[in-house]
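Inside the fold
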Amino acid sequence: MPRTVHIIGAGLAGLSAAVRLATPDRRVVVHEATAFAGGRCRSYHDAAVGMTIDNGNHLLLSGNDAALEFLRTIGSAQRLIGPAAAEFPFLDLKSGERWTLRFNDGRLPLWIFDPRRRVPGTRALDYASVARLLWPKPENTVGETIACRGALYSGLIEPLLLAALNIDPLQGSAKLAAAVIRETLAAGGRACRPLIARDGLAPTLIEPAFDYLHGRGAQVRLEHQLRALRSEGGRVAMLDFGDETVALAEADAVVLAVPPYAAASLVPGLTVPNEFRAIVNAHFRFAPPAGQPPIVGIINATTQWIFAFPGRLSVTVSAGDALLDVPREQLARTIWAEVAQAAAPWTEMAADLPPWQIVRERRATFAATPEQDKRRPGARTTWRNLVLAGDWTNTGLPATIEGAIRSGNRAAALVNQMQS
Ligand SMILES: Cc1cc2nc3c(=O)[nH]c(=O)nc-3n(C[C@H](O)[C@H](O)[C@H](O)COP(=O)(O)OP(=O)(O)OC[C@H]3O[C@@H](n4cnc5c(N)ncnc54)[C@H](O)[C@@H]3O)c2cc1C
């Protein structure tokens, strides 16, 4: 009988663990509660816009090494698209000013010395505050570490950290901000090229992982929710799915890759992050005008980022908790007016709303505060054959695709150790 690994949860943490563990000498079974894989990173057919869309726009950067390695393994790295260089067009909707941040490839930040490449209204010396964020007191917030005001803050630091931490940087963990800056700005433009799944999250990240797993004999069971873990002698001895139980042999292992609230209900005494932040996305069925860049950053508006996909413009608002109770149509109209203003150089858009959808993910990520960061557990648990994975475990990164995949890789490494 080959050793078996049961992976609970088919989000990116669970799928990346499964991809690493699907070897000929091992049986891998992935159990997913819902009818689809991908978790918070998924595509679905939306009747309102009449097309398949993603629950939310997901941005990767060329320095997301674990994510890119995962994509290469499952054979879909070529599905990510982005500009050849690290360029971010921005628009200040209040002043109407437009600029493009252009990072140079190397680690030495030569771009800060060029007024045409840096944030307008800043001087090279201002960028010293970015360096200050690299070595913060770990228990501090960003607001306690740097002055959160001025052109550099509103034109670079705030949009970057808001997107990466999904929290107002004032309250965000300086330690997590430092990790982001170390892997992006401080690593140079080569690590900062924006990459998006133009054809959708599922065809890029999820379906190829499924094909890879099926090709290696792994089983993925959808609509198979774990109800309880039964332990005996310091190990998980049985998985309880309600209508079915699965007994574990001595060498079998379990990777629990579910969201934090689900993990806490399955593992007694587990401390997990328990505060969350929302992400709101607005999708419009409207072909992007020729010349509109794939991603535009917007400041001084409700809209934060506009993404151009084939046949669709989509807007992301991170830390969007204040928008959760705004009537949907009102929100769609506000955002559409901003999208039209942003697109002015490329086309004139009618004021009429095209077919639209608002997707509000209330618990998009854990709240990246210093207090919540302290609640993140490591991968090992008190049960010797149970390991944790998920963007909320202690990865050292905020809740991102890169963090989720690194956690899956780490869980796989621990299972390999356990079963060797
Ligand atoms: C709108 C939005 C936009 C985002 N944008 C970005 C971005 O631009 N860049 C970026 O890097 N990251 C982004 N993220 C974050 C990224 O999506 C997550 O970090 C990542 O998908 C988390 O993966 P995960 O596997 O840890 O968790 P999840 O995706 O939550 O997966 C957990 C899985 O476990 C399943 N499950 C739960 N309970 C059980 C049970 N009892 N039994 C079996 N299965 C169970 C769930 O159904 C789910 O499929 C965004 C997130 C959202 C919501």
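All of the points below concern the structure found in this document.

Definitions and cut-offs
- Residues numbered from 1 in each chain as written.
- Predicted model: local features only at pLDDT ≥ 70, side-chain atom pairs only at ≥ 80, totals over all residues.
- Heavy atoms only, no water.
- Core = buried A, V, L, I, M, F, W, Y, C linked by side-chain atoms within 4.5 Å.
- Buried < 20%, exposed > 50% of the residue type's maximum accessible area, 1.4 Å probe, protein only.
- Helix = DSSP H or I, 4+ residues; strand = E, 2+ residues; numbered from the N terminus.
- Polar contact = N/O pair within 3.5 Å; in protein donor to acceptor, adjacent residues only side chain to side chain.
- Contact = heavy atoms within 4.5 Å.
- Axes fitted to C-alpha atoms, helices over the stretch in contact; angles between N-to-C directions.
- Parallel < 35°, antiparallel > 145°, perpendicular 65-115°, else oblique.
- Left-handed = near helix turned anticlockwise from the far one by under 90°.
- Nonpolar A, V, L, I, M, F, W, Y, C, P; charged D, E, K, R; others polar.
- 1 Å grid on protein atoms, 1.4 Å probe; cavity = no way out; pocket = protein on both sides within 12 Å on 5 of 7 lines; lining within 4 Å.
- Points joined across faces, edges and corners; volume = space filled by probe spheres on them.
- Salt bridge = Lys/Arg side-chain N within 4 Å of Asp/Glu carboxyl O.
- Pairing = 2+ DSSP bridges.
- Near = heavy atom within 4 Å.
- Areas by Shrake-Rupley, 256 points an atom, 1.4 Å probe, with all protein chains shown as cover.

A word on the nonpolar core
Core analysis: the largest hydrophobic core is formed by 62 residues, its most contacted members being Leu101, Phe103, Leu156, Leu165, Leu229, Leu239 and Leu256. In terms of nonpolar packing, the next biggest core, distinct from the first, is built from 48 residues, Ala197, Val220, Ala389 and Ile405 among them.

Let's talk about the side chain of Thr381
With respect to the secondary-structure elements, Thr381 resides in the loop between α9 (370–374) and β20 (386–388). By relative accessible area, which is 19% here, Thr381 ends up buried. Reaching out from Thr381, the side chain makes a polar contact with the backbone oxygen of Leu386 at a distance of 2.8 Å.

Some details on helix α2 (residues 65–74)
If you check which residues of α2 are buried, you get Ala66, Ala67, Leu68, Phe70, Leu71 and Ile74. Buried residues belonging to α2 abut α1 (12–21), β5 (59–61), β6 (80–81), β9 (194–197), α6 (201–215) and α10 (401–419). Once α2 finishes, Gly75 follows within two positions and takes phi at roughly 80°, a positive value.

A few points about the packing of α2 against α6
Across the interface, α2 lies against α6 with an axial gap of 9 Å and an inter-helix angle of 50°. Of the possible angle classes, the one that applies to α2 and α6 is oblique. Here α2 runs over α6; the crossing is left-handed. Taking contact as the criterion, the partners of Phe70, Leu71, Thr73 and Ile74 in α2 are, on α6, Thr204, Leu205, Pro208, Ala209 and Tyr212. Looking at the contact of α2 with α6, its residues break down into seven nonpolar, two polar and no charged.

Some points on empty space enclosed by the protein
Counting across every chain of the model gives two cavities of 30 Å³ or more. In this structure, the largest cavity encloses a volume near 50 Å³. Around the largest cavity sit Arg40, Pro260, Tyr261, Phe276, Arg363, Thr365, Phe366, Asp391 and Trp392, which together line it. Those elements that provide at least two residues to the lining of the largest cavity are α7 (260–266) and β19 (356–366). The element contributing the most residues to the lining of the largest cavity is β19, with three residues. The class makeup of the residues in the lining of the largest cavity is five nonpolar, one polar and three charged. In this structure, the second largest cavity occupies an estimated 30 Å³ of space. Asp54, Asn57, His58, Ile196, Ala197, Leu201 and Phe309 together form the lining of the second largest cavity.

Regarding the pattern of salt bridges
Applying the stated rule across the entire model yields 18 salt bridges. Across the salt bridge formed by Arg198 and Asp199, the nearest N and O atoms sit 3.7 Å from each other. For Asp199, a relative accessible area of 43% corresponds to the partly exposed category. Across the pair Arg230 and Asp240 runs a salt bridge, and its minimum N-O distance is 2.6 Å. With Arg230 in strand β11 (residues 228–232) and Asp240 in strand β12 (residues 235–240), this residue pair connects regions lying ten residues apart in the sequence. A relative accessible area of 42% means that Arg230 is categorised as partly exposed. Via salt bridges that share partners, Lys175, Asp373 and Arg376 belong to a single interconnected network.

Things to note about unusual backbone geometry
Most peptide bonds take the trans form, and the phi angle of most residues other than glycine is negative. If you check the backbone angles, Glu223 has positive phi at about 50° while not being a glycine. You can see Glu223 is positioned in the loop between β10 (219–221) and β11. Among the residues examined, Glu223 registers a relative accessible area of 61% and is labelled exposed. Residues other than glycine seldom take positive phi values, yet Ala319 does so here, at roughly 45°. Its location among the elements puts Ala319 in the loop between β18 (312–318) and α8 (328–342).

Digging into the sheet that holds β11
The strand order across the open sheet built from three strands is β11-β12-β13, with neighbouring strands paired in antiparallel fashion. Edge positions in the sheet fall to β11 and β13 (245–247), since each has one partner strand and no second. Neighbouring strand axes in the sheet, compared pairwise and without regard to direction, differ in orientation by 30° on average.

Details of the site of the ligand
Around the ligand, 34 residues are found, and the nearest of them are Glu32, Arg40, His58, Leu59 and Asp391. Between the ligand and Asp391, the relevant distance is 2.7 Å, taken from an oxygen atom to a side-chain nitrogen or oxygen of the residue. The protein chains hide 92% of the 1,000 Å² of surface that the ligand would expose on its own. Secondary-structure elements contributing two or more residues to the shell around the ligand are α1, β15 (276–284), β19 and α10.

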